[in-house]
Amino acid sequence: MPEPASIRIAVIGSGPAGFYAAGHLLKASESCEVDMLERLPTPWGLVRSGVAPDHPKIKSVTRVYEKTAAHPRFRYFGNITFGQHVSREELLEHYHAIVYATGSPSDRPLGIPGEELPGSHAATEFVGWYNGHPDHTDLEVDLLSAERAVVVGNGNVAIDVARMLVLAPSELAPTDTADHALAVLAASHVSEVIVLGRRGPAQAAFTNPELLELGELGDADVIVDPDELERGLAVADAGTENDVTSRRNVEILREYAARPPVGHPKRILLRFLLSPAALLAGDDGRLASVELTRNELVPTPDGGLRAQATEERETIPAGLVFRAIGYRGLPLPGVPFDERAGVIPNRGGRVTDVAGGSPLPGEYVVGWIKRGPSGVIGTNKKDAQETVDAMLADLSAAGGESNGSAAAAGARHVPREPDAAAVEALLRSRQPELVTYAGWEAIDRHERALGEPAGRPRVKLTRIEELLRVAAAE
Ligand SMILES: Cc1cc2nc3c(=O)[nH]c(=O)nc-3n(C[C@H](O)[C@H](O)[C@H](O)COP(=O)(O)OP(=O)(O)OC[C@H]3O[C@@H](n4cnc5c(N)ncnc54)[C@H](O)[C@@H]3O)c2cc1C
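As the structure is a computational prediction, the values presented were derived from the model and not from experiment. (Residues numbered from 1 in each chain as written. Predicted model: local features only at pLDDT ≥ 70, side-chain atom pairs only at ≥ 80, totals over all residues. Heavy atoms only, no water.)

Peer 1: With reference to specific residues and values, describe the site of the ligand.
Peer 2: Neighbouring the ligand are 31 residues, the closest being Ala 17, Glu 38, Leu 46, Trp 368 and Ile 377. A distance of 2.9 Å separates an oxygen atom of the ligand from a polar backbone atom of Trp 368. When the ligand sits alone it has 1000 Å² of accessible area, and the protein chains cover 91% of it. Listing elements by their share of the shell around the ligand, those giving two or more residues are α1 (16-28), β2 (32-38) and α7 (156-166). Residue composition of the shell around the ligand, grouped by class: 17 nonpolar, 11 polar and 3 charged. Here the shell around the ligand spans two domains, since at least three of its residues come from each of domain 1 (7-105 + 329-435) and domain 2 (106-327). (Near = heavy atom within 4 Å. Polar contact = N/O pair within 3.5 Å; in protein donor to acceptor, adjacent residues only side chain to side chain. Areas by Shrake-Rupley, 256 points an atom, 1.4 Å probe, with all protein chains shown as cover. Helix = DSSP H or I, 4+ residues; strand = E, 2+ residues; numbered from the N terminus. Nonpolar A, V, L, I, M, F, W, Y, C, P; charged D, E, K, R; others polar. Domains from an automatic or database assignment.)

Here it is in structure tokens:
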């Protein structure tokens, strides 16, 4: 069989992983054509809707993705949801390969009583709300009734949430925080945020710059109890002793523990060896307090340390809880899913029928939905390279063509109709309000123009109808 004139690839999701995969593919082979399908009208995934608004430099990574998007062999189809507007089977008819890059949009529950009380939020929804994700525009976050908030988790998302809750209005004003959130955050009565780690300081997943930033806030002191800190460090952890980030985190935390509070109006307390056992309601039915269990660290067979509950309890009055204990992938219709890990099962990026199973020809995966919600934006670049290498190896394999049945790695999928115009017609018939890259550029210009007079990078449009209206005007 002669080589096809072009190799047509569909990438599902326009976050960092999807864009790195597209970039690698376009660079690797002149015969690759990439179509990117994104459920929102806007691209960039969590770079737009996750990365904190007071970190604009991190968001500037989108310049790299813009270059990929400008490539003549790249097309963007926004406002198209895989599984709703188009199915896996339909895409396999039109493309030599599908790359799933849909991230981990859901959250891990705590699994404790009271989790559903008003005042208890998933970090995913709070982060989406302040970042203007259209799914979360109408979230009600009551920052007027509560003076104390508890953030459960010891990663960078927990730090982002805590910091956003105590940023001074002057620190928030020049950001692209969604307007609805700016107003609520500016009027907030929350003056104390407690960040809870179930294990000790050495096991925290913070990165050094994020932890350091807490010590430099304009309106808030950072407080660490020296006794609690040292108790958390009492059990040696072979797993983190040689970890540079962990060691530096401990140094920073010791510095915070020794630092007298400046007397800022707000404060962030970093606490360790504590797990929420129950969220308790007040007379009004809203969250009023959090019951905590004190943990101790015990060795695991693999040489790590795990938190084990003791009999010790503590109750903290708090009107708000944010659970930031991890994002979680969601299954895509018709695509294998590993429920336990919350990822699409794969071997080095080749989708497999079950975890540890056989690769499915023509289906690949990158980013958080491939390896779970960990790592920084740059981690997705290398991760995408691994998948693209596997895909190109399969596509260039001499034999082993497949019409869709399970086959070993190296089999190549042959689509029935690899025609660019045909698939665009199909998508437009399913979603007349499809947003092209030019449509996104119109949104981008509009948002930047709205932000400019106030010295803000942009004012985000947070409703799908508004986004579509501006895109359609293009
Ligand atoms: C709160 C938060 C803050 C972060 N801050 C930083 C930071 O400061 N620095 C840093 O380096 N990293 C940060 N990260 C990590 C970084 O955002 C991730 O590593 C990265 O976004 C993962 O990329 P992804 O492409 O796998 O997923 P995502 O970025 O989540 O992209 C997935 C895309 O797929 C789309 N999609 C989902 N389902 C469908 C469907 N059915 N059909 C079509 N499209 C679909 C989504 O709309 C989304 O656009 C942060 C993460 C979070 C959660």
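Peer 1: Explain the sheet that holds strand β13 (residues 305-317) to me, and be specific about the residues and the numbers.
Peer 2: In space, the 3 strands of this open sheet follow the order β11-β12-β13, with antiparallel pairing throughout. On the outer flanks of this sheet lie β11 (274-281) and β13, each paired with one strand and no other. Neighbouring strand axes in the sheet, compared pairwise and without regard to direction, differ in orientation by 20 degrees on average. Bridge analysis of β11 against strand β12 (residues 287-299) gives 7 bridges, and the strand direction is antiparallel. Bridging across to β12, Leu 274 finds its partner in Arg 294. (Pairing = 2+ DSSP bridges. Axes fitted to C-alpha atoms, helices over the stretch in contact; angles between N-to-C directions.)

Peer 1: Which residues make up the pattern of salt bridges, and what are the values?
Peer 2: Tallying each qualifying case throughout the model produces 39 salt bridges. Where Glu 115 meets Arg 323, a salt bridge forms, and the shortest distance between an N and an O atom there is 3.3 Å. Taken together, the residues span a long stretch of sequence, with Glu 115 in the loop between β5 (106-107) and β6 (120-122) and Arg 323 in strand β14 (residues 320-323) at a distance of 208 residues. Accessibility classification places Glu 115 together with Arg 323 in one group, the buried group. Notably, a salt bridge pairs Arg 448 with Asp 444, separated by 3.3 Å at the nearest N-O pair. With Arg 448 and Asp 444 both in helix α17 (residues 437-451), this residue pair falls 4 residues apart, about one helical turn. Note on Asp 444: relative accessible area 11%, which makes it buried. Among the charged side chains, a salt-bridge network with shared partners connects Arg 8, Glu 33, Asp 35, Arg 75, Glu 424 and Arg 428. (Salt bridge = Lys/Arg side-chain N within 4 Å of Asp/Glu carboxyl O. Buried < 20%, exposed > 50% of the residue type's maximum accessible area, 1.4 Å probe, protein only.)

Peer 1: Can you explain the packing of α17 against helix α18 (residues 464-472)? Please cite residues and give values.
Peer 2: Where α17 meets α18, the closest approach of the two axes is 7 Å, and the angle between their N-to-C directions is 110 degrees. The pairing of α17 with α18 is recorded here as roughly perpendicular in orientation. Facing α17, whose interface residues are Gly 439, Ala 442, Ile 443, His 446 and Glu 447, α18 presents Leu 467, Val 470 and Ala 471. When its residues are assigned to classes, the contact of α17 with α18 shows 5 nonpolar, 2 polar and 1 charged. (Parallel < 35°, antiparallel > 145°, perpendicular 65-115°, else oblique. Contact = heavy atoms within 4.5 Å.)

Peer 1: How would you explain the packing of aromatic side chains if you had to name every residue and give the values?
Peer 2: Evaluated as defined, the whole model comprises 12 aromatic pairs. Relative to Tyr 130, the ring of Phe 126 lies with its centre 5.2 Å away and its plane at 90 degrees, an arrangement referred to as edge-to-face. Of this pair, Phe 126 and Tyr 130 are both found in helix α6 (residues 123-130), 4 residues apart, which corresponds to roughly one turn of the helix. Between Tyr 327 and Trp 368 the ring centres are 5.9 Å apart and the planes differ by 70 degrees, which places this aromatic pair in the edge-to-face class. In this pair, Tyr 327 is assigned in strand β15 (residues 327-328) and Trp 368 in helix α14 (residues 368-371), connecting sequence segments 41 residues apart. You'll find Tyr 327 and Trp 368 in the same group, each marked buried. Taken together, the ring pairs in this structure connect Phe 19, Tyr 20, Trp 44, Tyr 65, Phe 74 and Trp 440 into an aromatic cluster. (Phe/Tyr/Trp six-rings, centres within 6.5 Å; stacked < 30°, edge-to-face > 60°.)

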